[in-house]
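# Fold and contact review
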Amino acid sequence: MDTKFIGKKSSAAGGWGALKSCGKQLLQSGVPVSGARAMLKANQPDGFDCPGCAWGDPEHGSSFEFCENGVKAVAWEATEKRATPAFFAARTVSELRKLSDYELELNGRLTHPMRYDAASDRYLPVAWEDAFAEIGSILKGLDNPNRAEFYTSGRASNEAAFLYQLFVRIYGTNNFPDCSNMCHEASGIAMRQAIGVGKGTVLLEDFEEADAIFVIGQNPGTNHPRMLGDLRRAAMRGARIVVLNPFRERGLERFSDPQDKIEMLRGGSTDIASLYLQPQLGGDMAAVRGMAKAVLAAEDAAVAAGLQPVLDHAFLAEECTGFAEYRAAVEATAWADIEDQSGLRRRDIEQAADVYIRAERVICTWAMGVTQHLHSVATIREIANFMFLRGNIGKPGAGLCPVRGHSNVQGDRTVGINEKPSENFLYALEKHFRFSVPRDHGHNVLAAIGAMLDGSAEAFIGLGGNFARATPDSALVEKALRRLKLTVHIATKPNHSHLMPGEASFILPCLGRTEMDLNSAGNSQLVSVEDSMSMVHGSAGINRPASPHLLSEVAIIAGLAQATVGSSVVDWAELADDYDRIRDHIEATIPGFENYNARLRKPRGFHLRNAAAHREWETPAGRASFSFQPLPEETVHQRARRGEGRFALQTFRSHDQYNTTVYGLDDRYRGVYGERQVIFIHPADLKAMNAEAGDGVDVIGEHDDGIERVARDFRFVPYDIPRGSIAGYYPELNVLVPLGSAGEESDTPTSKSIMVSLRRRDAA
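Here the structure is a predicted model, which means the values were calculated and not measured.

## Concerning the overall build of the protein
When helices and strands are counted, the protein shows 30 helices and 31 strands. Against the compact-globule benchmark of 27 Å for 764 residues, the protein has a radius of gyration of 25 Å, which places it among compact chains. Each of the three principal axes of the protein carries a C-alpha extent, and together these read 80 × 65 × 55 Å. Residues counted as buried form 65% of the 764 residues belonging to the protein. Within the protein, contacts between residues separated by at least 24 positions form 79% of all contacts whose residues are at least 6 apart in sequence. Of the roughly 27,000 Å² of accessible surface on the protein, 49% is carried by carbon and sulfur atoms. Where the 83 positive side-chain charges of the protein centre and where its 98 negative ones centre are 4 Å apart.

Structure follows, in structure tokens:
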């Protein structure tokens, strides 16, 4: 039994621990001075957009702030280490595959375009023009454009993403598997159904006016720490913050702001959550339904007593449809079912509802703890229902706020990265560029993997990201990639996706967000991104490129497009040399981008208007639409309870991690150090297994498709988590997420509701 990796948890998020971690990351990068200098330009009007997360900037005023995540992201990108051709010459791909994600990316920035040589099992340098020519030749040689998959990571800028989708649609397909498919797809679908817009309705300034904030299935301390500053300020002025999260997360309990000198000197911290509820995995919809039931009961009591109504009857009558049916559905839902499915007591749910009732302005915010379940769309519709009851959409200090991960995942969708594009968008492209645009829906991530496995897809192009490690069912995805005719990865560092080559495989190294992007005249190019609050702002790197052989993402896309579809529709070289011209095309084809170039150059950029925030409902009914479906028949924890020795597993990030990028091996907020192969479990469940902290365990997938899925050699960590639920880090546990388990309507992998059993290694 080895427990030396289990240590003390931070007493609060942020604080001196965050500053120490920032220093460690900058020193590890080898460029502590220039890295620190670069951070002073993060989120500044004359600097670069922080690649660390998609948390919003204010529409007006200053945002001179960065966080631990931002420092890690900048240090990771600005490292002095280089993965040169010599790095690839020294090891075969088979040997590189044995390295962990952390070990692989520690080798630093890619410096040259590389092509896989099957005879030597090594990547060898290739000239840019030769790489473009061969890739274009293979793509042109496919008998159908739909045999190629074009993946996009949310790190791509608006300009790169727009050019990418334009190239691919001229090529002839809508196959756009995208990182959105794996995170907030359910948010977009549910909100479009409910309010007509698939984006959040709040601005950052609304957090300054909210009386209550509900944080559901979200861990800002690790995933978007700048949000903690806004929650802290809200708590300090008296706003109530209600948290629904199965896991006890330090950042949602207490936060010490590293930028508050007095708090730091005193060693103090601020309480965040006024009320912290821990529902079972998959129990959020039942919890929100219970709060709605308590609100409706309070309304009945108020009416009976002749008191002021609890509901916003004017909003319900003038702005909504379906309220009567929803009320009937809530009243038909028994408290016993709500308690059983949510895992919460009625009195705790009623306490949360009381916070809602007493608040005039409420924000509800959520992330992947809500979206990666079988019934995520229904859950988000329920959240919208709850917010409708007291008119908490379309007024200051109130609204819906899904928080995205990657810094431009929302912007990529706005500018056309969508396998199911709207007819209006396709018509605008067709009219402006004068080519025949494909109309058939393309592949999302799961459909793309399926097409690779069955042979109907033969090529994969990845614009950023680490597809093989971000996706579910790791073994099947590796098999899918390695059977292709062509794999192309546009990247800044080596990652495991590069080590699963097809017949022809290329690594194309690109500039990072922090690096200067100069055109042929030597002028700095400006790109743009859109955050979770629909603020669009410019980003211009300040560091020298890691290698003179790097190209920007835009230039790489232009090179691929020129070699594949030619220049009869678009002059790709002209666009690559002047991003203002790309923005002119965006302005001409996408509503909301009027005077794009001028507005982008204003401090803080500009806001894309959200119709629902103005109570303009672009739904079929022309109103905010209640849903009134029953609770799920059974959630993952209820199914697990029926089987002997079964558990409901969720995957998440460690604190030293951003998506699939692992910056280090510590998770100080959860008290784990130097180890990632861990399973968090309730102490009583551990005792029931006659096991102890540090004991070894294999985690076995229990999906009923006949495929064996095992994550081997993990260690137990006792933690405050509901009984019957366990948790651990991705990508290590992605091997257990079945391709065949996806969200209803969203097709998102169910990474927060995986049925597993545990096999003690000392008992094997």
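Past the structure itself, the notes keep going.
## Quick look at the nonpolar core
Among the nonpolar cores identified, the biggest contains 64 residues, and L139, F150, F167, L486, L508 and W572 are the most heavily contacted of them. Ranked by the residues each element gives to this core, the list is headed by helix α8 (residues 158-171), at ten residues. Residues within four places of L139 in sequence aside, it is in contact with A148, F150, F167, Y171, A459, L486 and T564. Counting residues in each nonpolar core, the second largest holds 63 residues, with A287, C320, A359 and F386 among its members.

## Describing the pattern of salt bridges
Under the definition given, this model contains 47 salt bridges. Between R413 and E185 there is a salt bridge whose closest N-O contact spans 2.8 Å. One end of the pair, R413, is in helix α20 (residues 409-414); the other, E185, is in helix α9 (residues 185-195), and 228 residues separate them in sequence. Judged by relative accessible area, which is 19%, R413 ranks as buried. Judged by relative accessible area, E185 falls into the buried class, the value being 7%.

## Quick word on the sheet that holds strand β29 (residues 710-718)
Spatially, the six strands close up into a barrel ordered β22-β30-β27-β29-β28-β31, and their pairing is mixed. Neighbour to neighbour, the strand axes of the sheet diverge by 45° on average, direction disregarded. Looking at chain direction, strand β22 (residues 646-652) and strand β31 (residues 754-760) are connected through four bridges and run antiparallel. Its bridge partner being in β31, A648 is matched across the sheet by M755.

## Notes on the sheet that holds strand β20 (residues 606-607)
One key point about sheets: their strands pair by backbone hydrogen bonds, in either a parallel or an antiparallel sense. Taken in spatial order, the three strands line up as β18-β19-β20 in an open sheet, and their pairing is antiparallel. Across the chains shown, the open sheet's two edge strands, defined by having one partner strand only, are β18 (527-530) and β20. As paired elements, strand β19 (residues 535-539) and β20 share two bridges and run antiparallel to each other. By the bridge assignment, M535 is partnered in β20 with H607. Its contacts with the sheet place α8 against β18 and β19, and it is angled at close to 90° to β18.

## Re the side chain of T414
Among the structural elements, T414 can be located in helix α20. In this structure the side chain of T414 is engaged in a polar contact, spanning 2.7 Å, whose partner is the side chain of E530. T414 has contacts with K199, E530, I590, F593 and L608, leaving out every residue within four places of it along the chain.

## Some points on the environment of D121
Note on placement: D121 falls in the loop between β4 (114-117) and β5 (122-125). A C-alpha to C-alpha distance of 52 Å links D121 and F214, two positions 93 residues apart in sequence. The contacts of D121, once residues within four sequence positions are left out, are T92, V93, S94 and Y116.

## Regarding the packing of α8 against helix α21 (residues 423-433)
Between α8 and α21, whose axes approach to 12 Å, the crossing angle comes to 80°. The orientation of α8 with respect to α21, classified from their angle, is roughly perpendicular. Two secondary-structure elements touch here, α8 through F162, Q165, L166 and R169 and α21 through F425, L426, L429 and F433. The residue makeup of the contact of α8 with α21, split by class, is six nonpolar, one polar and one charged.

## Quick look at the environment of M516
By the secondary structure assignment, M516 is in the loop between β17 (504-509) and β18. For M516, a relative accessible area of 27% gives the class partly exposed. The spatial distance from the C-alpha of M516 to the C-alpha of P545 is 6.4 Å, given a sequence separation of 29 residues. With residues near it in sequence (within four places) discarded, M516 still touches L511, G541, I542, N543, R544 and P545.

## As for the packing of helix α13 (residues 284-304) against helix α17 (residues 346-358)
Where α13 meets α17, the axes come as close as 8 Å, and the angle between the chain directions of the two elements is 60°. For the element pair α13 / α17, the angle class is oblique. Between α13 and α17 lies a crossing whose hand is right-handed. Each of A287, G290, M291, A294, V295 and A298 in α13 lies in contact with α17, whose residues at this interface are I349, E350, A352, A353, Y356 and I357. Among the residues making up the contact of α13 with α17, the classes are represented as ten nonpolar, one polar and one charged.

## Concerning the pairing of strand β6 (residues 148-152)
The buried fraction of β6 amounts to five of the five residues, a majority that puts the element mostly inside the structure. Along β6, one buried face is formed by A148, F150 and T152 and the opposite face, lined by E149 and Y151, is buried too. Note that β6 and strand β15 (residues 459-463) share five bridges and pair parallel. Following the sheet pairing, T152 is matched in β15 by L463.

## Considering the packing of aromatic side chains
A complete count under the given rule lists 30 aromatic pairs for this structure. Plain terms: the ring middles of F247 and F680 are 5.4 Å apart, the flat faces sit at 85° to each other, and that makes the pair edge-to-face. With F247 in the loop between β8 (240-244) and β9 (254-256) and F680 in strand β27 (residues 678-681), this residue pair connects regions lying 433 residues apart in the sequence. Comparing F247 with F680 shows no difference in burial state: the two are buried. Summarising the aromatic geometry, the rings of Y596 and F606 are spaced 5.8 Å apart at their centres and angled 85° between planes, so their arrangement reads as edge-to-face. With Y596 in helix α28 (residues 596-600) and F606 in strand β20, the pair connects residues that are ten residues apart, well separated along the chain. The exposure class assigned to F606 is buried, which follows from its relative accessible area of 6%.

## Notes on the pairing of strand β7 (residues 212-216)
β7 sits mainly inside the fold: five of its five residues count as buried. Alternating positions in β7 separate into two faces, A212, F214 and I216 on one and I213 and V215 on the other, with burial throughout. Sheet analysis places β7 next to β8, joined by five bridges and oriented parallel. Within the sheet, the bridge partner assigned to I216 lies in β8 and is L244.

## Some remarks on the state of the cysteines
The term disulfide refers to a covalent linkage connecting the sulfur atoms of a pair of cysteines. Summed over the entire model, instances satisfying the criterion amount to zero disulfides. Of all cysteine sulfurs, the one in C179 lies closest to C183, which takes part in no disulfide; the gap is 5.4 Å. The class of C183 is buried, set by a relative accessible area of 12%. The thiol of C510 is not disulfide-bonded; the next cysteine sulfur, from C179, is found 15 Å away. By relative accessible area, which is 1% here, C510 ends up buried.

## Details of unusual backbone geometry
Here the amide bond leading from Y730 into P731 is cis, since omega sits at 10°, within 30 degrees of zero. Among the structural elements, P731 can be located in the loop between β30 (725-729) and β31. Although it is not a glycine, N690 sits at a positive phi angle of roughly 55°. Owing to a relative accessible area of 67%, N690 belongs among the exposed residues under this scheme.

So, how was this worked out
- Residues numbered from 1 in each chain as written.
- Predicted model: local features only at pLDDT ≥ 70, side-chain atom pairs only at ≥ 80, totals over all residues.
- Heavy atoms only, no water.
- Helix = DSSP H or I, 4+ residues; strand = E, 2+ residues; numbered from the N terminus.
- Rg over C-alpha atoms; globule rule 2.2 N^0.38 Å.
- Buried < 20%, exposed > 50% of the residue type's maximum accessible area, 1.4 Å probe, protein only.
- Contact = heavy atoms within 4.5 Å.
- Areas by Shrake-Rupley, 256 points an atom, 1.4 Å probe, with all protein chains shown as cover.
- Lys, Arg positive; Asp, Glu negative; His and termini not counted.
- Charge placed at Lys NZ, Arg CZ, Asp CG, Glu CD.
- Core = buried A, V, L, I, M, F, W, Y, C linked by side-chain atoms within 4.5 Å.
- Salt bridge = Lys/Arg side-chain N within 4 Å of Asp/Glu carboxyl O.
- Pairing = 2+ DSSP bridges.
- Axes fitted to C-alpha atoms, helices over the stretch in contact; angles between N-to-C directions.
- Polar contact = N/O pair within 3.5 Å; in protein donor to acceptor, adjacent residues only side chain to side chain.
- Parallel < 35°, antiparallel > 145°, perpendicular 65-115°, else oblique.
- Nonpolar A, V, L, I, M, F, W, Y, C, P; charged D, E, K, R; others polar.
- Left-handed = near helix turned anticlockwise from the far one by under 90°.
- Phe/Tyr/Trp six-rings, centres within 6.5 Å; stacked < 30°, edge-to-face > 60°.
- Disulfide = S-S within 2.5 Å.

Worth remembering: the numbers are spatial, not functional.
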